Amino acid sequence: MNRLHLCASGVAGVLLLSLSGCGSSARTDPQSPNPVAQRQVVNVLAPGQSGFVSTAGQVQGSATGEPGDFGDHLDDQRIPYWSFEYKPGEFADVSGLTAEEPIDGLRIYRDDYGVPIIYAETAYDLAYGMGYALTADRLFLQDGARRLARGSLAELTGPGDVPADIEARVLTYSEAEYQAIYDALPQEPRDMVDGYVAGANAWIERVLADPGLLPAEYALLTVMPEPFSATDVLAAGVFITRAVASNGGNEFDNVAVLRELESQHGRELGRAIFQSVHWVDDTRAAVTVPAEEARFSNITTPPDQRDAVFNAMADFALSLPAGLDRGMGTGDAAVPSPLLAMPSASSLELSANLRRMFNPAGGASYMAVVAPERSTTGNAQLINGPQLGYGYPTQLMELEVHGAGFDARGSTAPLLPVIGIGYGERTAWGVTTGNSKTIDSFIETLDADNPNRYLHDGQLKAMDCRDETIHYRGSTGMVDGVPGVPVGPASFSTTVEVCRTVHGPVVARSDDGSRARSVQYAMWMREVETIFGVLDWMRVDDFDAFEAAMRRVTWNENTMYADADGNIAYWHPGLHPRRSPMGDQRLPLPGEGAFDHLGLMSFDQLPHSVNPAQGYLANWNNKPAVGWGEGVGGQAGSTPAGADQRVTNWLDALQADPQVSFDDLLAMDRLIGIKDPRARAFVPLLSDYAGGDVSERHAALLAPVLAWDRNHFRPDMDITDEAATDTVGATVFDVFVRALRSELFASLLPDGLFRQMSRLGNHEYDVAPLDNLALRILVPESSAVTPVFDFLGERSRRDVIAAALDRADAQLQTDFGSEDVSSYTRVHHRDDLCSLTGVVGPCITMPHQDRGSWIHAVAFE
């Protein structure tokens, strides 16, 4: 049945909400297309569109200290962003703008913020404009992406990046394989790749002819930019897709934790603690797909067999020889050190920052959609905020394209000829990292006579091996084990042997030579297929076409959708393995064949929701659906899910507003950026504690917390003041939550595990996994999982809270040197905004807001 109905009013039909007299019923089927789409659109990209700093700009900006003086459109969206403002995001009116025409049939306009608006007739010409314009904006960033993807960064930065280059060669594809992928591309994607490369290289030709267009990073490194190739674009696509849209392969972190727990507590207690801290599926966790609507599972082991399977796999993992946790495929290779001159400390920051350029460890993203019946616009709304950190520039860049059937505006990543996040004429979409485990470690048993043969399915099989040569520049020396300034051409080289098994790349070998570890990617050799689906996103006009495009993507990027016909939807897509029920996702698998994957899950088996009855959906990298096992690695980006997670800020706000206006949606974006998500669960705990018999000191500490507005960000904060402070309530609460973690877990968990499960990534005031475990212990009804280990012992909940308050009190008195509670106002956490190199361009800080570094919001009317 339809949610929206065309009801007669006089002689005209108008689109109304489902009201009495016009019919009212929930629906799951998408609406038929409506040819008219009116909407409100805003967006913002902090700190700005450009990443270009010329040598002259570097001199000017360094002289004044003003970020905007380093280059045009480098910093013009920073203050609006931190002031919770947005810029108009509708398709640009180019009638008053002047076009650049690099080739016949292509016009590139720039709006007031330097965003390229590209018109062309063919796919090739349109992509030519994308490559040309975005390389003008972000040449050095695109070069960095290319070199990280191809394993050639050391050719630019010197020997310190040789281990990372080796790792990239191990994990990805050879030049011949990339060429084969290119040769197999359908005509339109190939035209897009070719056009993008041609446009990018046309800009590089201009740079080589005009020193004023050369990014200052190249002058600093004493090199010149080199042309891009089609296989560079494909490699960047593989690299970025894996970095943000796949997860796993870190099982040996868990093996090390399990080994240490058993050493500290014995086998039985150690395993009980491990399973309590590294739980897999809490059916009361915050999810995106409404729990009453559907359940989905990627766990093949029946619940009543999971403990036995865990113990069997733990026995296997702990029996493995040493050395499988590290190897060439994990970045563990020797750093060559040709010393050509005296070292210079100034270059050390440069090399380190370049290696971290695309580090996804702290990344995250949020998105929400609202259905017509809960919207004052009478139609669907969407907001998306990818969180990829801040800098000069950020990873994302904005553009608008028209032609060859495409009409879209939004953002893209370096070297990708698509708009991966954005909106078309009648549709809008957003993405967040899915965090499901799609990479698995298999342990191969090696032939004693030939280390490049292994046992599989009862046969000895030869590994597929090849040599890879890594070229690198010399270095001025070593400082604290880190190479200094790179000098001269990339005239040095080292050659390594790279091997694969039926499971995938061999990343490590045991010290005794008996075993090897290979990693299996669910997307192996299929990463580039995602471009087929995303290209369709840029041109489709209705739900059916968009869902068909969703079935083509292979990456695990949560996707939300809204359209002018009133549809909203969510998908947790990609290629997900059906694992053997004998394996445990948290631990490595035997590679002899019995534990091999059983194929891939179908698209319809993956979490999704279309036009839910509740009228809204939200995601913030959280558990997608009840029954889905996620977060098995425990790293900051992918943590075991519980009832308390940052997405609850969105879910609570949406649930509380039965009629969401566009202004309401933008106000929610502000709210989720400043509201402490831990307060939802832990302030009531403290309130309950305060209602009993408490000491005068505890009452004094709790009073500002109970009166607190639950925001970590003062409404009157001076965003330019690096010493700006938070409220007493926010300060005391934060110290209490951290003290509670220590009180419950610090003495029981190894230091490494305690730190790992306390990580927050780039969410300074987020809910850590140990916070959810603490909540489960203190409020058992909040979770469907009963901890296997008794963390309370003989203490009551009040005992633990009192002890945590005492810890917090001691810490606060140490931090502020006073017993005066009113003096407890922490300096608000600030995020760094520095250049990619740390040398060229601005470097400042801004107050932490937990918001997207690119935000777009669309409300259809």
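Check the entry above for the structure.
Read on for a plain summary of the structure.

**Some points on the environment of G160**
Inference 1: With respect to the secondary-structure elements, G160 resides in the loop between α4 (154-157) and α5 (162-171).
Inference 2: What makes G160 buried here is its relative accessible area of 15%.
Inference 3: Between the alpha carbons of G160 and F70 there is a distance of 29 Å; along the sequence they are 90 residues apart.

**Details of helix α22 (residues 769-778)**
Inference 1: In terms of residue burial, α22 counts as a mostly covered element, since 10 of its 10 residues are buried.
Inference 2: Regarding α22, the residues found buried are P769, L770, D771, N772, L773, A774, L775, R776, I777 and L778.
Inference 3: The elements touched by buried residues of α22 are α11 (267-277), α18 (679-690), α20 (728-746), α21 (751-756) and α23 (797-816).

**Describing the packing of aromatic side chains**
Inference 1: Within this structure, the stated rule accounts for 28 aromatic pairs.
Inference 2: Centroid distance Y124 to Y128: 6.4 Å. Interplanar angle 45°. Geometry classified as tilted. Of the two residues, Y124 and Y128 both sit in helix α3 (residues 123-150), 4 residues apart, roughly one turn of that helix.
Inference 3: Look at Y124 and you get partly exposed, because its relative accessible area is 31%.
Inference 4: Geometrically, the ring pair formed by F546 and Y561 is tilted, given 4.5 Å between the ring centres and 35° between the ring planes. Taken together, the positions of F546 in helix α15 (residues 543-550) and Y561 in strand β22 (residues 557-563) put the pair 15 residues apart, joining distant regions of the chain.

**So, the sheet that holds strand β10 (residues 406-412)**
Inference 1: Strands sit in the order β5-β6-β9-β10-β11-β12-β22-β23-β25 across an open sheet of 9 strands; the sheet is mixed. Only two strands of the sheet have a single partner each, and these edge strands are β5 (106-110) and β25 (608-610). Adjacent strand axes in the sheet meet at a mean angle of 15° when their direction is disregarded.
Inference 2: Judged from the 4 bridges that link them, β22 and strand β23 (residues 568-571) form a sheet pairing that is antiparallel. Each residue of the ladder has a partner; that of Y561, found in β23, is A569.

**With respect to the pattern of salt bridges**
Inference 1: In this structure the tally under the stated criterion is 51 salt bridges.
Inference 2: For D604, the salt bridge goes to R551, with nearest N and O atoms at 3.0 Å. Here the residue D604 occupies a position in the loop between β24 (589-590) and β25, and R551 occupies one in the loop between α15 and β22, the gap between them amounting to 53 residues.
Inference 3: The exposure class of D604 is partly exposed, given its relative accessible area of 47%.
Inference 4: A salt bridge links R697 to D809, with the shortest nitrogen-to-oxygen separation between them at 2.9 Å. With R697 in helix α19 (residues 696-706) and D809 in helix α23, this residue pair connects regions lying 112 residues apart in the sequence.
Inference 5: Residue classification places D809 among the buried residues on the basis of a relative accessible area of 10%.

About the criteria used
Residues numbered from 1 in each chain as written. Predicted model: local features only at pLDDT ≥ 70, side-chain atom pairs only at ≥ 80, totals over all residues. Heavy atoms only, no water. Helix = DSSP H or I, 4+ residues; strand = E, 2+ residues; numbered from the N terminus. Buried < 20%, exposed > 50% of the residue type's maximum accessible area, 1.4 Å probe, protein only. Contact = heavy atoms within 4.5 Å. Phe/Tyr/Trp six-rings, centres within 6.5 Å; stacked < 30°, edge-to-face > 60°. Pairing = 2+ DSSP bridges. Axes fitted to C-alpha atoms, helices over the stretch in contact; angles between N-to-C directions. Salt bridge = Lys/Arg side-chain N within 4 Å of Asp/Glu carboxyl O.

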